[in-house]
Amino acid sequence: MTTEPDSLGLRSSATPVSDSALRFLFLSARLLLEYGVRSQSLERRLERIARHLGVNLTVVVGYRQVTLVLADGRSLHASAPELRTNVAVSAGAQNVIDELRQDQIDLGEATKRLEGLERMAPRHGRGVVIVLFGLAAAAIAWLLRADWAAIAVSGVSSSLGLIARQELAKRSVVLFAQPFVAGLIGAALGGFAIREGWTGTPGLCLIVPALMLVPGPHLINGVYDMLENHMQTGVCRLGLATGLLIATAAGVALGAWMVLGPATISTAPSAVTPLTLPLDAALAGVAACGFGAFYNAPWRVLWVSILCGVVGHGLRYVCLDYMNVEIATLFGCLAVGAIASVAAERRHLPFSALAFAGAVPMMPGVFIYQSIAGAIRLSAANTAVDPMLASTTLALSFKSTFVVGAIAVGLLIGARLASMSHRHG
């Protein structure tokens, strides 16, 4: 719940001009916080526009809340009901702030635009997003070398899972119910295809719909906040992402158990869907496009997500001929991070949404699934543990962790290098 400036006793103690400035700062703080701007960037933007408006303040960012402390001791407190990812709203808020700083619009016009931004921001049609999201899932399944049946099932189940998430978002349900239900639907449909013998790559029917639920922007913002010494918000964002991942895993596990029982599913790829460099890059672009549309990136900037996916995954494909998957992923994500950082700076876009849309095809879904499946088998074995299974599960867990770490480190280092180059240029 947000707190309006008027409710903090600012009406009688501030001049009309100050009231207008404080109203604008309050709206800016709430929108930047709620729609995916990381903590340090949020602080800098608010402090710069405050100086432009002649307001001396200190910005304190917390989890789902921002406090603006004025020099005279008064304060404004803005909070967000949840952290969302909407590129159109985030970019719109940052554009309004920059236009005001450059005196392209006056304070009244800027405030009016912020007040109507969530309502007026362009939004992709629901059917378009559902289709593109399903195509993105099919592209990721193809990149993982699923067979044609698994590719089709992954696309359909991910689209249905998205519809379920959208419907749940309209109702007052627990936040974690959305990934849980979507994971349950994806696993149940994938399990049905496996049980009927439609696919020769059964594990990928379960893996891909789960990958479509990874809360990438929260993970990236959380790591970035910790890197920039915003530990409280960083830990909280990572905690939120972890909770969403656990909810997804629980939904997938329940859906698979309901249809298949405690079966062990092979994750071996298919030989009938080979990949070449052009095809690999094109599929990564389709996957990035689907996530960009899901994050409501306007058409005029959707190409940035596509470029990130094409360049990053294409580079990873080339590097795999010379190095292991962890290092190849690191190099691919360095490129994604650099491109996303430049685009975010020049076009006032949220870095986390751009970067994850480009990096999502590199998520080690197979390794994560194999390590979880191994852990479940170890748990069921009680004291009769197979040493080979234990060592394999541990190795896969480490490999998954290292690849995910390579994604995070690559994106952040790539972004830092691009920012340094931009400043020195």
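The structure under discussion appears in the preceding block.
The rules behind each value
Residues numbered from 1 in each chain as written. Predicted model: local features only at pLDDT ≥ 70, side-chain atom pairs only at ≥ 80, totals over all residues. Heavy atoms only, no water. Helix = DSSP H or I, 4+ residues; strand = E, 2+ residues; numbered from the N terminus. Rg over C-alpha atoms; globule rule 2.2 N^0.38 Å. Buried < 20%, exposed > 50% of the residue type's maximum accessible area, 1.4 Å probe, protein only. Contact = heavy atoms within 4.5 Å. Salt bridge = Lys/Arg side-chain N within 4 Å of Asp/Glu carboxyl O.

This paragraph deals with the overall build of the protein chain. Counting secondary structure elements, the protein chain contains 17 helices and three strands. Here the C-alpha atoms of the protein chain give a radius of gyration of 23 Å, agreeing with the 22 Å that 2.2 N^0.38 yields for 425 residues. With the C-alpha coordinates of the protein chain rotated into their principal frame, the extents come out at 70 × 45 × 40 Å. Burial status across the protein chain gives 52% buried among its 425 residues. Long-range pairs, those at least 24 residues apart, make up 74% of the contacts in the protein chain between residues at least 6 apart in sequence.

Before going further, it helps to examine the pattern of salt bridges. Under the criterion given, the structure shown has 16 salt bridges. The partner of Glu115 in a salt bridge is Arg23, and the shortest N-O contact between them spans 3.4 Å. Linking Glu115 in helix H4 (residues 107-115) with Arg23 in helix H1 (residues 16-34), this pair joins segments that are 92 residues apart in sequence. Assessed through its relative accessible area of 42%, Glu115 is described here as partly exposed. Glu196 is the salt-bridge partner of Arg195, the closest N and O atoms lying 3.8 Å from each other. We classify Glu196 as partly exposed; its relative accessible area is 40%. Put simply, Arg30, Glu34, Glu82, Arg84 and Glu118 are held in one network by salt bridges that share partners.

Below, the discussion takes up helix H15 (residues 351-359). For H15, the tally of buried residues reaches nine of nine residues, placing the bulk of the element in the interior. Burial in H15 covers these residues: Phe351, Ser352, Ala353, Leu354, Ala355, Phe356, Ala357, Gly358 and Ala359.

No statement about biological role is implied by the geometric values presented.
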